[in-house]
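Chain by chain, the residues:
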Amino acid sequence: MTARRLFLVFAGGSIGTAARLAVGLWMPDAGGVPFATLAVNVLGSLLIGILAARLPQTTGLRLFLGTGVLGGFTTYSAFMTGTVELWADAPLLAFAYSAGSLVLGLGAAALGLRLGRPRATSPLAGAVS
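These notes cover the structure that comes with them. Predicted, not measured: the structure shown is a model, and the values here were computed from it. (Residues numbered from 1 in each chain as written. Predicted model: local features only at pLDDT ≥ 70, side-chain atom pairs only at ≥ 80, totals over all residues. Heavy atoms only, no water.)

Before going further, it helps to spend a moment on the environment of T121. Tracing the chain through its elements places T121 in the segment after α5 (91–116). Along the chain, T121 and F35 lie 86 residues apart, while their C-alpha atoms are 39 Å from each other. (Helix = DSSP H or I, 4+ residues; strand = E, 2+ residues; numbered from the N terminus.)

Okay, here's the thing in structure tokens:
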């Protein structure tokens, strides 16, 4: 890894973690359920899917946005901590939250990949009727 690539990830991660904190302050937990973590992880999964479909792995922009910004924005550790804390008071809700997070995150990433892929143009699109 070069110093430039490391700096791109560092700068992007700083932006992403600040954005995650802002969402957490704007959207506090409701009834002990960490909705802010769910929201950033699902949105981040969608955006990471779009980036993965659009940008080659070797670009600095993908490092900055994907690994840096969105890597800092999404958070597995906060997801796990929130689930464990929820488990202490409501195990069934904690299970539903973790399963729902997984399903929504996978769905968002798949949707992002689908939305991000270039569309094939129809040969008839340019034809005049």
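There is more to say after this.
Taken as a whole and judged by the stated rule, the model has two aromatic pairs. Ring plane angle 45° and centroid distance 5.9 Å describe the contact between F79 and Y97, whose orientation is recorded as tilted. Separated by 18 residues along the polypeptide, F79 in helix α4 (residues 76–89) and Y97 in helix α5 bring together distant segments of the chain. On the basis of relative accessible area, F79 is assigned to the buried category, the value being 11%. An aromatic cluster is defined as three or more aromatic residues linked by ring pairs; in this entry it consists of Y76, F79 and Y97. (Phe/Tyr/Trp six-rings, centres within 6.5 Å; stacked < 30°, edge-to-face > 60°. Buried < 20%, exposed > 50% of the residue type's maximum accessible area, 1.4 Å probe, protein only.)

With that settled, the discussion passes to helix α2 (residues 35–54). Here α2 spans 29 Å end to end across 20 residues, near enough to the 28 Å set by a 1.5 Å rise per residue. Restricting attention to buried positions, one finds in α2 the residues A36, T37, L38, V40, N41, G44, S45, G49 and L51. The inward-facing, buried residues of α2 contact α1 (3–26), α3 (60–73), α4 and α5. (Expected span 1.5 Å × (residues − 1). Contact = heavy atoms within 4.5 Å.)

This part is about the packing of α2 against α5. Put simply, α2 and α5 touch, their axes get as near as 7 Å, and they point 25° apart. Classified by the angle between their axes, α2 and α5 sit roughly parallel to one another. Classified by chirality, the crossing of α5 by α2 is right-handed. Residues T37, L38, V42, S45, L46, G49, I50, A52, A53 and R54 of α2 lie in contact with α5, whose contacting residues are Y97, S101, L104, G105, A108, A109, L111, G112, L113, L115 and G116. Here the contact of α2 with α5 is built from residues that sort into 13 nonpolar, seven polar and one charged. (Axes fitted to C-alpha atoms, helices over the stretch in contact; angles between N-to-C directions. Parallel < 35°, antiparallel > 145°, perpendicular 65-115°, else oblique. Left-handed = near helix turned anticlockwise from the far one by under 90°. Nonpolar A, V, L, I, M, F, W, Y, C, P; charged D, E, K, R; others polar.)

On to the nonpolar core. Core analysis: the biggest nonpolar cluster contains seven residues, these being V23, A36, V40, L51, L55, L70 and F73. Those elements that provide at least two residues to this core are α2 and α3. Considering each element in turn, this core owes the most residues, three residues, to α2. Setting aside its immediate chain neighbours within four residues, L55 contacts L61 and R62. In terms of nonpolar packing, the next biggest core, distinct from the first, is built from six residues, V33, L38, F79 and Y97 among them. (Core = buried A, V, L, I, M, F, W, Y, C linked by side-chain atoms within 4.5 Å.)

This brings us to the environment of A53. For A53, the position within the fold is in helix α2. For A53, a relative accessible area of 23% translates into the label partly exposed. Taking the C-alpha atoms as reference, A53 lies 7.7 Å from R114; in sequence the two are 61 residues apart. With residues near it in sequence (within four places) discarded, A53 still touches L113, G116 and R117.

This paragraph deals with the side chain of T83. For T83, the location among the structural elements is in helix α4. Using a relative accessible area of 9% as the deciding quantity, one classes T83 as buried. For T83, the residues in contact, after removing those within four places along its chain, are A94, Y97 and S98.

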